[in-house]
Amino acid sequence: MTCLDLSSLPWLLPAPEDYRARVRALAAEKEPDGAEIRALATYALDLNQCHSLARQCIKLKDRINSKGVLSPLRFAFLSNGTNELVAPAIIAGALRHGVIADFYAPGYGQALNDILSPDSKLAAHHPDVVLLAFDHRGYGLTHPEIGVASADETIARAREQLNMMVSRLRASGTQIIIQTIPQPPEPWGGHSDAILGGSIRTQIRRMNDEIRDLCAEQRLVLLDAAALAAQVGTQRWFSPRFWNEAKLPFDPDIAPLYGDHVGRLLGALRGKSRKALVLDLDNTLWGGVIGDDGLSGIQIGQGSPEGEAFLSVQRLALQLKARGIVLAICSKNEEKTAREPFHMLDEMLIREDDIAVFVANWTDKASNINYIAQTLNIGTDALVFLDDNPAERARVRQVLPEVAVPELPEDPALYAMVLANAGYFETIGLSEDDTKRADQYRANAARTQTMQEIGDLGTYYKSLEMVCSISRFDANGQARIVQLINKTNQFNLTTRRYTALEIERAQQDETVLDLQVRLTDRFGDNGMISVVMFRSKGDTWVCDTWLMSCRVLERRVEEAVLNVIVRAAQNAGVKRLQGLFIPSARNMIVSGFWEKLGFTRTGEKDDGTTIWELVLEGYSPVEVPMELLCDFDTLSDMTP
Amino acid sequence: MGISDTENKLIEIFADVMDADPEEIGLGSTPDDVPDWDSLSNIRLIMSLERAFGIRFSNDEIANWKSIGDIGVILNTKEITG
């Protein structure tokens, strides 16, 4: 293979021969298992296989036990083409990325009506997320204009249509994804289309700028369909034949890839993007086997095609690290030998301190990967494992099906391209914390070390020199707040997910006490690590959301936060706090949370939800081992 | 008369596209017998057959087939490379 055909999803295993039978077998299960469905979606499915899987999931919808593996999401797909054919690809793509989408798409030509009319099926669907997937035909950019003035007019009309759609949808509180417009491969004046103001090419380029600006201004999510179409080739993307036949906006052969890209964004919105990259060493980060070939024998660096191929893998890993993806090593080697290239060879781009966890031994890789996840305090479903050896890949997939294990082509020159295009680390926007994350994980490992050395907990806390700062939600923190709310699974009392828009509303709502919590210590800045929201109901403040990053477990941050809430509540004349624990598949870690904080249990619901209460009269704060930064004046604007 | 390899492969692909059991399908099956055989699944059928057999159907051929057997007849007129 000299080039990659992205449309066949080459990073995924081909579907097994009996794929359809396996999909059908789901029906026999009393509660079809979310993990099994996600595994079935994690093959290189063609459109027919997507169709079988999507159909089965729609049929079994009410029986599926998503087990926290599949996050439910109400989705609407709005385009100017026929939607039915691409729908199964989107549903399958979403499942692959941990989202079970309740899919709605209007019939052909109905999208605009649907957006405009208040009692449309779209409105009744109450989508959490809407994708605006109009192409050049949907925006009326189908004719070259003679003269810049008439081109301006065409763009103005298209912009007006876009703004109208966005403002209508925004008013309903839904999260919007907008798609850029692919360039149809039909030149008008030829190369000069790039400079002629009236060419379709220029019109589309200008409209894409409008779309990008709007996304940045209003914090909408962008699906760069223009870039995707360019990557597979617009000649393949557009199918005049199937547009004529059935108004398909792009070739149905590309639908599985398109569906996967939509799935990535939905997954990212639900916090399902992967967080760490676990790398094998021999023939993955360098050519050859360090234990056999020695330092001078392995291939890395400029000078040989193979050495450069592995250099590009290292470069990509570092680029991912720069945006917060944690790097770990998992290799079958003697540790000392495995570490040598990192400090002995100048050609190596990755250095030892880029790596959060370094595991080189002769133990089974699946066990080592488990250990890496535990050390980093993240789930194995947040890991990607890159290994050139098919047997190791198969073993890890078998034991840990939730770990993403990309297939790799023969030629290492393509490794980086496969990994970059597999979309495991999709991000919908970088928060400031993202760029620091990899270092934070490393610092955490150092803290664990310190604790082992010091032993006594009180002394340990003191040695950390913690500073906890607590403030209301603000614009600076918003990206991280939304991220934490949508991806914290373990230390999360209610697991309620909110969109950026809902957060903005909560921020303005005077009956909501919203708090963002940051923690620094002598090892570094942990960034924002906790988000808490209470709603005021008469003389009671009711917990809506309380979550914390597991990176700061056992640091007594939650007690510091409670102290602040109690003081604010007492100042506001509130009588009691009500706590809530809604059990999920992943949050048993906090089942004893309220009791530990001194709350008394007052009720339980059928679904296992428990209700807790803390009477404020006579309650005095506990001492916590950290300095507290909090402006109490900002907490006093709560109206009962 | 038994059915040919091409026809067998056709039925297999058809079942895959329509998410149906191959046993329920024969050369005589028409859109009336296969409720999922509509204009959209027909497009997946066209794509899948063209890819599997390495051929290309004309608009006329597509517009005129009324049963699986009809598709088999068209396939027999083509040079199959898949």
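The structure under discussion appears in the preceding block.
Residues numbered from 1 in each chain as written. Chains lettered and ligands numbered in written order. Predicted model: local features only at pLDDT ≥ 70, side-chain atom pairs only at ≥ 80, totals over all residues. Heavy atoms only, no water.

Engineer: Sorry, what's going on with the overall build of chain A here?
Structural biologist: Of the regular secondary structure elements, chain A holds 24 helices and 17 strands. If one aligns the C-alpha atoms of chain A with their principal axes, the spans along those axes are about 80 × 70 × 55 Å. Counting only residues that meet the buried cut, chain A has 55% of its 640 residues in that class. Element-wise, carbon and sulfur atoms account for 49% of the exposed surface of chain A, whose accessible area totals about 26700 Å². Counting 67 positive and 85 negative side-chain charges, chain A places the averaged centre of each group 4 Å from the other. (Helix = DSSP H or I, 4+ residues; strand = E, 2+ residues; numbered from the N terminus. Buried < 20%, exposed > 50% of the residue type's maximum accessible area, 1.4 Å probe, protein only. Areas by Shrake-Rupley, 256 points an atom, 1.4 Å probe, with all protein chains shown as cover. Lys, Arg positive; Asp, Glu negative; His and termini not counted. Charge placed at Lys NZ, Arg CZ, Asp CG, Glu CD.)

Engineer: I tried to follow the interface of chain B and chain A on my own but got confused; where do I start?
Structural biologist: One frequent convention defines the size of an interface as the accessible area lost when the parts assemble. The interface of chain B with chain A comprises 21 residues on the first partner and 17 residues on the second. Of the roughly 1800 Å² buried where chain B meets chain A, counting both sides, 46% is carbon and sulfur surface. Where chain B meets chain A, there are seven salt bridges. Two residues, Arg55 of chain A and Asp36 of chain B, come together in a salt bridge whose shortest N-O distance is 2.6 Å. Linking chain B with chain A are 13 residue pairs in polar contact (both at pLDDT 80 or more), by the criterion used here. Elements with a contribution of two residues or more to the side of chain B that touches chain A: helix 1 (5-18), helix 2 (39-53) and helix 3 (59-64) of chain B. Ranked by residue count, the leading element in the side of chain B that touches chain A is helix 2 of chain B, at eight residues. (Contact = heavy atoms within 4.5 Å. Buried area = accessible area lost by both parts, 1.4 Å probe. Salt bridge = Lys/Arg side-chain N within 4 Å of Asp/Glu carboxyl O. Polar contact = N/O pair within 3.5 Å; in protein donor to acceptor, adjacent residues only side chain to side chain.)

Engineer: I would appreciate a short explanation of the environment of Leu132 of chain A in the present structure.
Structural biologist: All names here are of chain A. Looking at the element boundaries, Leu132 is found in strand 3 (residues 129-132). Overall, the relative accessible area of 0% leaves Leu132 in the buried class. Put simply, Leu132 and Asn80 are 52 residues apart on the chain and 9.4 Å apart in space, counted from C-alpha to C-alpha. With sequence-adjacent residues up to four places away left out, Leu132 is seen in contact with Leu78, Ile115, Leu162, Met165, Val166, Leu169, Ile176, Ile177, Ile178 and Gln179.

Engineer: Got a minute to help me understand unusual backbone geometry in this structure?
Structural biologist: Note: most peptide bonds trans; most residues except glycine with negative phi. Residue and element names in this part refer to chain A. Within the chain, Leu9 stands out as a residue other than glycine whose phi angle is a positive 50°. Topologically, Leu9 is positioned in the segment before helix 1 (19-25). Judged by its relative accessible area of 0%, Leu9 is buried. Positive phi values are uncommon outside glycine, yet Lys247 reaches one of about 55°. Looking at where Lys247 falls in the secondary structure, it is placed in the loop between helix 11 (240-246) and helix 12 (255-269).

Engineer: Would you take a moment to explain the sheet that holds strand 2 (residues 99-104) of chain A for this structure?
Structural biologist: By definition, the strands of a sheet pair up through backbone hydrogen bonds, in either a parallel or an antiparallel sense. All names here are of chain A. In space, the five strands of this open sheet follow the order 2-1-3-4-5, with parallel pairing throughout. The sheet terminates laterally at strand 2 and strand 5 (221-223), the two strands that pair on one side only. Averaged over all adjacent pairs, the angle separating strand axes in this sheet is 30°, with direction ignored. Bridge analysis of strand 1 (residues 71-78) against strand 3 gives four bridges, and the strand direction is parallel. Bridge assignment links Leu78 to a residue of strand 3, and that residue is Leu132. (Pairing = 2+ DSSP bridges. Axes fitted to C-alpha atoms, helices over the stretch in contact; angles between N-to-C directions.)

Engineer: Please clarify how the packing of helix 1 of chain B against helix 4 (residues 68-76) of chain B should be interpreted in this entry.
Structural biologist: Helix-helix packing: each pair is described by the crossing angle between the helix axes and the interaxial distance. All names here are of chain B. Where helix 1 contacts helix 4, the two axes come as close as 10 Å, and the packing angle between them is 130°. Judged on the interaxial angle alone, helix 4 and helix 1 are oblique. Every pair of crossing elements has a handedness; the one defined by helix 1 and helix 4 is right-handed. Across the interface between the two elements, Thr6, Glu7, Leu10, Ile11 and Phe14 from helix 1 touch Ile68, Ile71, Gly72, Leu75 and Asn76 from helix 4. Its residues assigned to classes, the contact of helix 1 with helix 4 comprises six nonpolar, three polar and one charged. (Parallel < 35°, antiparallel > 145°, perpendicular 65-115°, else oblique. Left-handed = near helix turned anticlockwise from the far one by under 90°. Nonpolar A, V, L, I, M, F, W, Y, C, P; charged D, E, K, R; others polar.)

Engineer: Please explain the sheet that holds strand 15 (residues 600-604) of chain A as it appears in this structure.
Structural biologist: All names here are of chain A. Reading across the sheet, the eight strands line up as 15-16-14-13-12-11-10-17 and stay open at both edges, with mixed pairing between neighbours. Both outer strands of the open sheet, strand 15 and strand 17 (627-630), are each paired with one neighbouring strand and no more. Averaged over all pairs of adjacent strands, the angle between strand axes in this sheet comes to 25°, irrespective of strand direction. Those strands touched by helix 21 (residues 478-487) are strand 11 (512-521), strand 12 (524-537) and strand 13 (540-548), and its axis lies near 75° from that of strand 12. The strands that helix 23 (residues 557-571) touches are strand 10 (467-471), strand 11, strand 12, strand 13, strand 14 (576-581), strand 16 (610-615) and strand 17; relative to strand 13, the one it contacts most, it runs at about 155°.

Engineer: Before we go on, may I ask you to explain the environment of Leu70 of chain A in this structure?
Structural biologist: Residue and element names in this part refer to chain A. Inspection of the secondary structure assignment puts Leu70 in the loop between helix 3 (47-60) and strand 1. Through-space distance from the C-alpha of Leu70 to that of Ile100 is 5.6 Å; in sequence the pair is 30 residues apart. Beyond its immediate stretch of four places on either side in the chain, Leu70 contacts Gly34, Ile37, Arg38, Leu95, Gly98, Val99, Ile100 and Lys272.

Engineer: Explain the pairing of strand 12 of chain A to me, please; I cannot follow it from the model alone.
Structural biologist: As a general feature of sheets, a regular strand has side chains that alternate between the two faces. All names here are of chain A. The element strand 12 is largely enclosed, with a buried count of ten among its 14 residues. Between strand 11 and strand 12, which pair antiparallel one after the other, the connecting turn spans two residues. Where strand 12 lies against strand 13, eight bridges are found, and the strand directions are antiparallel. Residue pairing across strands places Val532 opposite Trp546, the latter belonging to strand 13. Adjacent in sequence and paired antiparallel, strand 12 and strand 13 are bridged by two residues, among which Gly538 carries a positive phi angle near 60°.

Engineer: So what exactly am I meant to see when it comes to the nonpolar core here?
Structural biologist: Across soluble globular proteins, nonpolar side chains have a tendency to be buried as a group. The biggest cluster of nonpolar side chains holds 124 residues, and the ones touching the most others in it are Leu53, Phe75, Tyr258, Leu266, Leu277 and Phe342 of chain A together with Phe57 of chain B. Beyond its immediate stretch of four places on either side in the chain, Leu277 of chain A contacts Ala317, Leu320, Ile325, Val326, Leu327, Ala328, Val384, Leu386, Leu419 and Phe425 of chain A. Counting 46 residues, the second largest nonpolar core, distinct from the first, contains Leu464, Cys543, Trp546 and Ile565 of chain A. (Core = buried A, V, L, I, M, F, W, Y, C linked by side-chain atoms within 4.5 Å.)

Engineer: How do you make sense of helix 7 (residues 148-171) of chain A when you look at a structure like this?
Structural biologist: At 3.6 residues per turn, the α-helix brings residues three or four places apart onto the same side. All names here are of chain A. Relative to the 34 Å expected for 24 residues at 1.5 Å per residue, helix 7 spans 34 Å between its end C-alpha atoms, a close match to the ideal helical length. What helix 7 keeps buried is the set Ala151, Thr154, Ile155, Ala158, Gln161, Leu162, Met165, Val166 and Leu169. As for helix 7, its buried residues are in contact with strand 1, helix 5 (111-116), helix 6 (121-125), strand 3, strand 4 (175-179) and helix 8 (200-218). Following helix 7 by one or two positions, Gly173 adopts a phi angle in the positive range, close to 80°. (Expected span 1.5 Å × (residues − 1).)

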